[in-house]
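A look at the structure
Here is what each chain is made of, one letter per residue.
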Amino acid sequence: MAQMDVLLTKEPAPQTVPACELPRKLYDVARNTGAHTSSGLATAGFRSAKYLPDEWFQNCYARYHQAFADRDQSERQRHESQQLAAETEALARRSQEDSTRKEAELIRNIQELLKRTITQAVNQIRLNREHKETCEMDWSDKVEAYNIDQTCALYHNQSTEVQFHPHSAKFEESASTPETWARFTQDNLHRAERERLASANLRVLVDCILRDTAEDLRLQCDAVNLAFERRCEELEDARHKLENHLHKTLREITDQEHNIAMLKQAIKDKEAPLKVAQTRLYQRSHRPNVELCRDAAQFRLVSEVEELNTSLAALKEKLLEAEQSLRNLEDTRMHLEKDLAVKTNSLFIDRQKCMAHRARYPTILQLAGYQ
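Note that the structure is a prediction, hence the values are computed from the model and not measured.

1. Some details on the overall build of the protein
- Helices and strands together make up the secondary structure of the protein, namely 5 helices and 0 strands.
- Counted from the first residue to the last, the protein has its helices and strands arranged as α-α-α-α-α.
- By the burial criterion, 25% of the 371 residues in the protein qualify as buried.
- Residue pairs at least 24 apart in sequence account for 82% of intrachain contacts in the protein once pairs closer than 6 positions are excluded.
- Within the structure as shown, the protein displays about 27,500 Å² of accessible surface, and the carbon and sulfur contribution to it stands at 56%.

Next up, the structure:
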């Protein structure tokens, strides 16, 4: 040690052994020789490319790459299935809304038709009452005239009720002739018969309207009920699909969390061999003088550090991708849970509320006016 601290002021004396090129020595480096060696620590949870590159790429990188590819494919399939389900749901909702809208429009049209029919019936009843009063007045006049003529027919010269009426021989100005009398009676009978026929035709028309509207309402009601049932079946099917997809997503989240834990453990397992290799390089950098040689061990250590850094960078990149994929899966789970809650609520409204109300829909007899 004292000789190493002396400052040399002249060229050193020539060595007794002349310098010559030494023969190369082949080093047999052990690979994966134990859990406590640098190579063993490197392969504790995730093998590096330094020791078994083919095995590492085939068993690890390819597996994770395939896992990410499968997850991307499942993500695309999820988006496609959601889009198809949304389109199918939109078509089903549109069909149900169209049926309900048609039913509401049909009910409004029938209400307008019934209002017009009621107005027409009320007018016909008013005309019937007017002609009834006219016929009753004509009938009462004729009965009174008949009784008078019958009383007159019973008078004779010995009757005690007879007396003088000097002004009775004059004709009244308002008196009718037999022709006007007959025409007046015939007109009353004709108008009465016409209103009677109009009333009979109106009754037939009302019966037809009530029957046809009742049948139309029941047919439309059946169509709406069928649309509701189809809608409920599609909602039930969509809910089951969402539940299945949610279960798959939860399994994927669990698998992804396991993959993240494995990646973190692999990164942690890589750090120990990297510390060992870097510490060896650091310690070997303090070799004195000519002993600071770039020998095969030095090259192997530098190569080991580079390959460990490359492996750690790849693992960290995969870890970032896995964490981003986990966040995407969490977002997907949240959307699926929201969609599932919406589907459940829609199914409850359609089945428990709407169908329960529609179960009390009037029958054809009730719609036709029969209690």
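2. Here's the deal with the nonpolar core
- Judged by nonpolar contacts, the single largest core of 17 residues is most densely connected at Ile260, Leu263, Ile267, Leu274, Val305, Leu315 and Leu319.
- Of all elements in the fold, only helix 3 (178–284) and helix 4 (296–358) reach the threshold of two or more residues within this core.
- It is helix 4 that provides the largest number of residues to this core, a total of 9 residues.
- Among the nonpolar cores identified, the runner-up in size contains 5 residues, and Leu106, Ile110, Leu217 and Tyr361 belong to it.

3. Observations regarding the pattern of salt bridges
- Under the criterion given, the structure shown has 17 salt bridges.
- The residue Arg126 makes a salt bridge to Glu130 at a minimum N-O spacing of 3.2 Å. Linking Arg126 with Glu130, this pair stays in helix 2 (residues 53–153), spanning 4 residues, or about one helical turn.
- When its relative accessible area of 42% is taken as the criterion, Arg126 is described as partly exposed.
- Among the salt bridges present, the one from Arg194 reaches Glu195, with a minimum N-O distance of 3.9 Å.
- Judged by relative accessible area, Arg194 falls into the partly exposed class, the value being 44%.
- Glu195 sits in the buried class, given a relative accessible area of 10%.
- What emerges from the salt-bridge pattern is a single network uniting Glu236, Arg239 and Arg351.

4. Regarding the UniProt feature "coiled-coil region" (unreviewed entry) in the protein
- Mapped onto the present numbering, the UniProt feature "coiled-coil region" (unreviewed entry) falls on residues 225–252 and 305–346.
- This span, residues 225–252, is 100% helix and 0% strand, and a straight line between its end C-alpha atoms measures 40 Å.

5. Focus on the environment of Glu193
- With respect to the secondary-structure elements, Glu193 resides in helix 3.
- Through-space distance from the C-alpha of Glu193 to that of His131 is 9.6 Å; in sequence the pair is 62 residues apart.
- Within the structure, Glu193 has its side chain in polar contact with the side chain of Arg196 (distance 2.5 Å).

6. Remarks on the side chain of Thr185
- For Thr185, the position within the fold is in helix 3.
- The exposure class assigned to Thr185 is buried, which follows from its relative accessible area of 14%.
- Within the local environment of Thr185, its side chain forms a polar contact with the side chain of Lys142, the two groups lying 2.9 Å apart.
- With sequence-adjacent residues up to four places away left out, Thr185 is seen in contact with Asp138 and Lys142.

7. Describing the packing of helix 3 against helix 4
- In the contact formed by helix 3 and helix 4, the axes pass within 5 Å of each other and the chain directions differ by 165 degrees. Compared by their axis directions, helix 3 and helix 4 come out roughly antiparallel. You can see that helix 3 and helix 4 cross each other, and the crossing is left-handed.
- For the contact of helix 3 with helix 4, the residue count by class is 34 nonpolar, 12 polar and 23 charged.

8. A word on unusual backbone geometry
- Although it is not a glycine, Asn289 sits at a positive phi angle of roughly 50 degrees.
- Structurally, Asn289 is set in the loop between helix 3 and helix 4.

9. So, the environment of Ile209
- Locating Ile209 in the fold gives a position in helix 3.
- Considering only alpha carbons, one finds Ile209 and Leu113, 96 residues apart in sequence, at a separation of 8.6 Å.
- Contacts of Ile209, omitting those with residues within four sequence positions, involve Leu113, Leu114 and Thr117.

Rules used in this analysis
- Residue numbering note: each chain is counted from 1, following its sequence as written.
- Local features are withheld for residues below a pLDDT of 70 in this predicted model, meaning they are given only at 70 or higher, and side-chain atom pairs are given and counted only at 80 or more; totals for whole chains, interfaces and linings count all residues.
- Note: side-chain values were computed over all heavy atoms of the structure, leaving out hydrogens and water.
- The helix count covers DSSP runs of H or I at least four residues long, the strand count covers runs of E at least two residues long, and both are numbered beginning at the N terminus.
- Note on classification: 1.4 Å probe, protein chains only; a residue is buried when its accessible area is under 20% of the maximum for its type, exposed when over 50%, partly exposed between these limits.
- Any pair of residues with heavy atoms lying within 4.5 Å of one another is described as a contacting pair.
- In these tables, accessible area is a Shrake-Rupley quantity obtained with a 1.4 Å probe, and a residue counts as shielded only by the protein chains included in the view.
- We define the nonpolar core as a collection of buried residues of types Ala, Val, Leu, Ile, Met, Phe, Trp, Tyr and Cys that are connected through side-chain atoms lying within 4.5 Å of one another.
- The salt bridge criterion pairs a side-chain nitrogen of Lys or Arg with a carboxyl oxygen of Asp or Glu, the two atoms within 4 Å.
- UniProt positions are given in the numbering used here, feature names are shortened, and annotations may be inferred rather than shown by experiment.
- Any pair of nitrogen or oxygen atoms within 3.5 Å is treated as a polar contact; in protein, a donor-acceptor pairing is required on top of that, and neighbouring residues in sequence qualify only through side-chain atoms on both sides.
- Axis lines are fitted through C-alpha atoms, for helices just across the contact stretch, and the angle between N-to-C directions can take any value from 0 to 180 degrees.
- Any angle that is under 35 degrees is reported as roughly parallel, and any over 145 degrees as roughly antiparallel; angles of 65 to 115 degrees are reported as roughly perpendicular and all others as oblique.
- When the near helix sits turned anticlockwise from the far one by under a right angle, the crossing is termed left-handed; a clockwise turn instead gives a right-handed crossing.
- We call Asp, Glu, Lys and Arg charged. Ala, Val, Leu, Ile, Met, Phe, Trp, Tyr, Cys and Pro are nonpolar, and the rest, Gly among them, are polar.

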